[in-house]
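Each chain is listed here by its residues.
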Amino acid sequence: MPVEADRITGAIAAITPDIVNVRHYLHQNPELSHFEEQTSAFVAHRLADLGLDSIQTNVGGYGVVGTLRGTGTGPGQGRTIALRADMDALPIQETREVPYKSCKPGVMHACGHDGHTSTLLGTAAVLAGARDAFAGEVRFLFQPAEETVGGARRMVEEGAIEGVDAIVALHGWPGMPVGKVGVRPGPMMASSDTFDLKIIGRGAHAAQPHLGADPILAGSQLVVALQSIASREISPTDSIVVTVAQFHAGTANNIIPGSAELKGTVRCLTEAHRLEAPERLERIIGGICAAFRMEYEFKYKRGTPVTVNDVAVNALVSDVAGSVLGEENVTQLPAPSMGAEDFAMYLQKIPGAMFRLGVGDEMTPLHTPTYNFADDALPIGIEIFTRTVLKYLAE
Ligand SMILES: [Zn+2]
Ligand SMILES: [Zn+2]
């Protein structure tokens, strides 16, 4: 293994300057979810230059799937491991001054998917140059539309993980220093569903509320009552978030409106809680609306399931990260994030794991106008991805 280790280390060092440039190019040219046409073409072009065995484009939208077959011998024969990166950007105006600042007004890589895509391109380059080091197959999944949810679902529907035995992904994590990673078996990220509610009352003069039925008063009671799901229906040691994030009603100071609209999200860490959520919400909505003489229209929309890391694949990634960075730099995350990640869609079908890659202590949070993936984290991500594949297929 030491000889192999040197070869991989050398290959990563050699391509890192190019991959940093790739990251800057992608950062400068971000594309919103479902519009990743140029990014997708760029990725497919780079993969073609590496001489992969096959490259499929337009998978589940602008998704790209590259396949690389090892020429070595070993236990990997007949096995396939997939690595996944997301490619989409967010509708945010970048405010950090960097030479490669987004050239698209109002669009930026505020979730670091430029870093994820670059890391996976770098990994493909290293593994393409080391085919003889493994048997079996590596599949590189470049996924569109993670932020709006749906990219992963469509890629799965269009066969991107057919025949895949395990899948691994990473997410750059601000607040964690470069050189550290976070791992966790079991729930890693929450599910994310959304709801839309229209409360229909009866408009009136603001000075004569008794002649109408006030949907703002009913809606206000409802926002409070919905919090009893977390505080009184779910065990205090479990977690659920019910957030009303929009409440729109009314047009003037002296008019009680006829209706109010509320929209929000529900986050859970178990599928059981997630399945029960619509009934719990509607029971409270129905009760409050009846009490306040309201009609209502309620729509509950399923989004992303809980991201549940497979114990064995997580252990594999964790071992590899420990050997690359030192055990002391592999953080066993005490709790999942209540944010969501559509990588969960793959994990519903096949075992896999997502890990957090430190991008810096001082870094501003994800989805903010000054976020920027760390270039120093690129070779670390590439090395963990590469060695995870080799350990899975070569040992
Ligand atoms: Zn994001
Ligand atoms: Zn993200």
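Procedures and definitions
Residues numbered from 1 in each chain as written. Chains lettered and ligands numbered in written order. Predicted model: local features only at pLDDT ≥ 70, side-chain atom pairs only at ≥ 80, totals over all residues. Heavy atoms only, no water. Helix = DSSP H or I, 4+ residues; strand = E, 2+ residues; numbered from the N terminus. Contact = heavy atoms within 4.5 Å. Donors = N, O, S within 2.8 Å, 3.2 Å for Na, K, Ca; no water. Buried < 20%, exposed > 50% of the residue type's maximum accessible area, 1.4 Å probe, protein only. Core = buried A, V, L, I, M, F, W, Y, C linked by side-chain atoms within 4.5 Å. Domains from an automatic or database assignment. Buried area = accessible area lost by both parts, 1.4 Å probe. Salt bridge = Lys/Arg side-chain N within 4 Å of Asp/Glu carboxyl O. Phe/Tyr/Trp six-rings, centres within 6.5 Å; stacked < 30°, edge-to-face > 60°. Lys NZ or Arg CZ within 6 Å of the ring centre and 35° of its normal. Axes fitted to C-alpha atoms, helices over the stretch in contact; angles between N-to-C directions. Left-handed = near helix turned anticlockwise from the far one by under 90°. Nonpolar A, V, L, I, M, F, W, Y, C, P; charged D, E, K, R; others polar. 1 Å grid on protein atoms, 1.4 Å probe; cavity = no way out; pocket = protein on both sides within 12 Å on 5 of 7 lines; lining within 4 Å. Points joined across faces, edges and corners; volume = space filled by probe spheres on them.

## Considering the environment of Gly 339
Piece 1. Along the polypeptide, Gly 339 turns up in the loop between strand 15 (330-332) and helix 8 (344-347).
Piece 2. Each C-alpha atom, one on Gly 339 and one on Pro 257, is 34 Å from the other, the two residues being 82 residues apart in sequence.
Piece 3. Once you skip the residues sitting within four places of it in the chain, Gly 339 turns out to touch Met 189, Ala 190 and Arg 267.

## Re the coordination of the zinc ion (ligand 2)
Piece 1. For the zinc ion (ligand 2), the full set of protein donor atoms is Cys 111 (SG), His 113 (NE2) and His 171 (NE2), and the range of their distances to it is 2.1 to 2.3 Å.
Piece 2. Site description for the zinc ion (ligand 2): donor spacing in sequence, C-x1-H-x57-H.
Piece 3. Metal-to-metal, the separation of the zinc ion (ligand 2) and the zinc ion (ligand 1) is 3.2 Å; Cys 111 coordinates the two. Of this pair, Cys 111 sits in the loop between strand 3 (80-86) and helix 3 (113-128) while His 171 sits in strand 5 (residues 166-174), placing them 60 residues apart in sequence. Residues Cys 111 and His 171 agree in their burial class; the two are buried.

## Here we look at the nonpolar core
Piece 1. Core analysis: the biggest nonpolar cluster contains 60 residues, and Phe 140, Phe 142, Phe 355 and Ile 384 have the highest contact counts within it.
Piece 2. Element by element, the count of residues in this core is highest for helix 9 (residues 378-394), at 9 residues.
Piece 3. Apart from residues lying up to four places away in sequence, Phe 142 is in contact with Val 43, Leu 47, Gly 63, Val 64, Ala 85, Met 87, Thr 117, Leu 120, Leu 121 and Met 155.
Piece 4. Of all hydrophobic cores here, the second largest spans 25 residues; its members include Leu 222, Ala 260, Leu 262 and Ala 277.

## What about the domain arrangement of the protein?
Piece 1. Here the protein is partitioned into domain 1 (2-188 + 306-394) and domain 2 (192-304).
Piece 2. Facing the 14 residues of domain 1 at the interface are 12 residues of domain 2.
Piece 3. Interface area for domain 1 against domain 2, summed over the two sides, is near 910 Å², with a carbon-plus-sulfur share of 64%.
Piece 4. Looking at the side of domain 1 facing domain 2, the largest losses of area belong to Val 306, Met 338 and Ala 340, adding up to 62% of the total buried there.
Piece 5. If you look at where domain 1 meets domain 2, you find 0 salt bridges.

## A look at the packing of aromatic side chains
Piece 1. Evaluated as defined, the whole model comprises 5 aromatic pairs.
Piece 2. Aromatic pair Phe 195 and Phe 298: ring centres 6.5 Å apart, planes at 45°, arrangement tilted. Within this pair, whereas Phe 195 is found in strand 8 (residues 192-200), its partner Phe 298 is found in strand 13 (residues 295-304), the two being separated by 103 residues in sequence.
Piece 3. The exposure class of Phe 195 is buried, given its relative accessible area of 2%.
Piece 4. Ring geometry for Phe 355 versus Phe 385: centroids 6.1 Å apart, planes at 85°, classification edge-to-face. Note that Phe 355 is positioned in strand 16 (residues 352-360) and Phe 385 in helix 9, a separation of 30 residues in sequence.
Piece 5. Following the ring pairs from residue to residue traces out a cluster consisting of Phe 195, Phe 298 and Tyr 300.
Piece 6. Directly above the aromatic system of Tyr 392 lies the positively charged group of Arg 79, at a separation of 4.3 Å from the ring centroid.

## Notes on the packing of helix 5 (residues 215-233) against helix 6 (residues 271-291)
Piece 1. For the pair helix 5 and helix 6, the least separation of the axes is 10 Å and the interaxial angle reads 145°. Like other packed secondary-structure pairs, helix 5 and helix 6 cross with a definite hand, here right-handed. Taken together, the residues of helix 6 that come into contact with helix 5 (itself represented by Ala 218, Gln 221, Leu 222, Ala 225, Leu 226, Ser 228, Ile 229 and Glu 233) are Arg 280, Leu 281, Arg 283, Ile 284, Ile 285 and Ile 288.
Piece 2. Considering only residue class, the contact of helix 5 with helix 6 consists of 9 nonpolar, 2 polar and 3 charged.

## So, the layout of surface pockets
Piece 1. Looking at the largest pocket, its volume works out to about 350 Å³.
Piece 2. Across the lining of the largest pocket, the residue classes tally to 6 nonpolar, 7 polar and 4 charged.
Piece 3. Put simply, the second largest pocket is a space of about 230 Å³.
Piece 4. Around the second largest pocket, the lining comprises 13 residues; the ones closest to its centre are Thr 148, Val 149, Ser 192, Thr 194 and Gly 303.
Piece 5. Every element with two or more residues in the lining of the second largest pocket is listed here: strand 8, strand 12 (259-268) and strand 13.
Piece 6. Within the lining of the second largest pocket, the residues separate by chemical class into 2 nonpolar, 6 polar and 5 charged.
Piece 7. Shared between two domains, the lining of the second largest pocket takes at least three residues from each, and those domains are domain 1 (2-188 + 306-394) and domain 2 (192-304).

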